[in-house]
Amino acid sequence: MSVSAETKMQFLYALRSKGVTDTKVLTAMERVDRAVFVKGIFAERAYEDMPLPISCGQTISQPSIVGIMTQALKVSPRDKVLEIGTGSGYQAAILSHLARRVYTVDRYRRLVTQAQAIFTAQDITNITTFTADGSYGFAEQAPFDKILLTAAAEDPPGPLLQQLRVGGIMVLPVGQSDTVQSLIRVTRLETGFDYEELRPVRFVPLLEGLGAD
Ligand code: SAH
């Protein structure tokens, strides 16, 4: 079932009112139907600005936070982007409309398989999915222009900082507990890293190793 024009308009209005103002990001979000990434009874709530449950006890993030993170990443059309935390695949699908290529990794094979099936069905061909502990990044494809984490780390993982190109940007939630986390933007300079704190957020934690399914 396709989404009504009115539902989409309200969705875009809600995004704008919560600070997603970048036209390219809004256009990418307009192109991606969030309902296909949400299963069963929750699909009808796909156009509400709230996180929703997906398989493996994980969540698809709140759309306005997806927009704010995507905007903070300043993606340009030639970028090679790495996303840690594929989840439903929704965030990766949005990135795929803004970047040249997207690599996305999750520690649950089942989530990766489901997301890959959606990308194929949606004719999205510039996303590479893989199952691994994303804290180690993807050395074979490094350096990346942009890196996005959608699970909260205590600190930016060292391998990911190393795999960021000079001039590149990494956006991630950091924090030691489930309740107090900040979204930060790290920019790699010739001589080190610049850190900016963007806003409070709440994400599932970045966990070690592979998931059970
Ligand atoms: N970006 C997703 C939402 C992700 S929820 C979306 O658009 O739907 C966070 C995800 O991070 C979960 O799926 C979880 O399994 C994954 N995750 C947590 N720790 C990880 C790690 N070390 N490596 C890879 N994925 C991880």
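Notes on the structure follow. (Residues numbered from 1 in each chain as written. Predicted model: local features only at pLDDT ≥ 70, side-chain atom pairs only at ≥ 80, totals over all residues. Heavy atoms only, no water.)

Put simply, helix H1 (residues 5–17) and helix H2 (residues 23–31) touch, their axes get as near as 11 Å, and they point 145° apart. Crossing geometry of H1 relative to H2 is assigned as right-handed. Across from Lys-8, Phe-11, Leu-12, Leu-15 and Arg-16 in H1, the residues of H2 making contact are Leu-26, Met-29 and Glu-30. Tallied by class, residues from the contact of H1 with H2 come to five nonpolar, no polar and three charged. (Axes fitted to C-alpha atoms, helices over the stretch in contact; angles between N-to-C directions. Helix = DSSP H or I, 4+ residues; strand = E, 2+ residues; numbered from the N terminus. Left-handed = near helix turned anticlockwise from the far one by under 90°. Contact = heavy atoms within 4.5 Å. Nonpolar A, V, L, I, M, F, W, Y, C, P; charged D, E, K, R; others polar.)

Every regular strand shows the same layout, with side chains that alternate between the two sheet faces. Judged by how many residues are buried, strand E6 (residues 144–149) sits mostly within the fold: six of six residues are covered. One ladder, built from four bridges, connects strand E3 (residues 80–84) with E6; its direction is parallel. In the strand pairing of E6, Leu-82 is matched with Ile-147. Pairing of E6 with strand E7 (residues 164–174) involves four bridges; the strand directions are parallel. If you follow Lys-146 over to E7, its bridge partner there is Ile-169. (Buried < 20%, exposed > 50% of the residue type's maximum accessible area, 1.4 Å probe, protein only. Pairing = 2+ DSSP bridges.)

Moving on to the packing of aromatic side chains. Applying the stated rule across the entire model yields five aromatic pairs. Ring centres of Phe-11 and Tyr-47 lie 5.0 Å apart, and the angle between their planes is 70°; on these two criteria the pair is classed as edge-to-face. Residue Phe-11 is located in helix H1, and its partner Tyr-47 is located in the loop between H2 and strand E1 (52–53); the two are separated by 36 residues in the primary sequence. Looking at Phe-11, the relative accessible area reads 4%, which means it is buried. Tyr-47 gets classed as buried once you look at its relative accessible area, which sits at 15%. Taking 5.9 Å as the distance between ring centres and 70° as the angle between the ring planes, the aromatic pair formed by Tyr-103 and Phe-144 counts as edge-to-face. With Tyr-103 in strand E4 (residues 101–106) and Phe-144 in strand E6, this pair connects stretches of sequence that are 41 residues apart. (Phe/Tyr/Trp six-rings, centres within 6.5 Å; stacked < 30°, edge-to-face > 60°.)

The next thing to look at is the layout of surface pockets. Volume-wise, the largest pocket comes out at about 620 Å³. Elements represented by at least two residues in the lining of the largest pocket include exactly strand E2 (59–60), helix H3 (63–72), E3, helix H4 (90–96) and E4. By residue class, the composition of the lining of the largest pocket is 16 nonpolar, twelve polar and five charged. (1 Å grid on protein atoms, 1.4 Å probe; cavity = no way out; pocket = protein on both sides within 12 Å on 5 of 7 lines; lining within 4 Å. Points joined across faces, edges and corners; volume = space filled by probe spheres on them.)

In the region of the ligand, 28 residues are neighbours, and Ser-88, Asp-106, Asp-133, Gly-134 and Leu-207 sit closest. Between the ligand and Arg-107 there is a distance of 3.3 Å, counted from a nitrogen atom to a backbone nitrogen or oxygen. The separation between a nitrogen atom of the ligand and a polar main-chain atom of Leu-207 is 2.6 Å. Contact with the protein chains covers 99% of the free accessible surface of the ligand, which is 580 Å². Given that more than half its atoms are within 2 Å of the pocket grid, the ligand belongs to the largest pocket. Among the elements of the structure, E2, E3, H4 and E4 are those that each provide at least two residues to the shell around the ligand. A breakdown of the residues in the shell around the ligand according to their chemical character gives twelve nonpolar, twelve polar and four charged. (Near = heavy atom within 4 Å. Polar contact = N/O pair within 3.5 Å; in protein donor to acceptor, adjacent residues only side chain to side chain. Areas by Shrake-Rupley, 256 points an atom, 1.4 Å probe, with all protein chains shown as cover. Sits in = over half its atoms within 2 Å of the grid points.)

In short, geometric facts, not functional conclusions.
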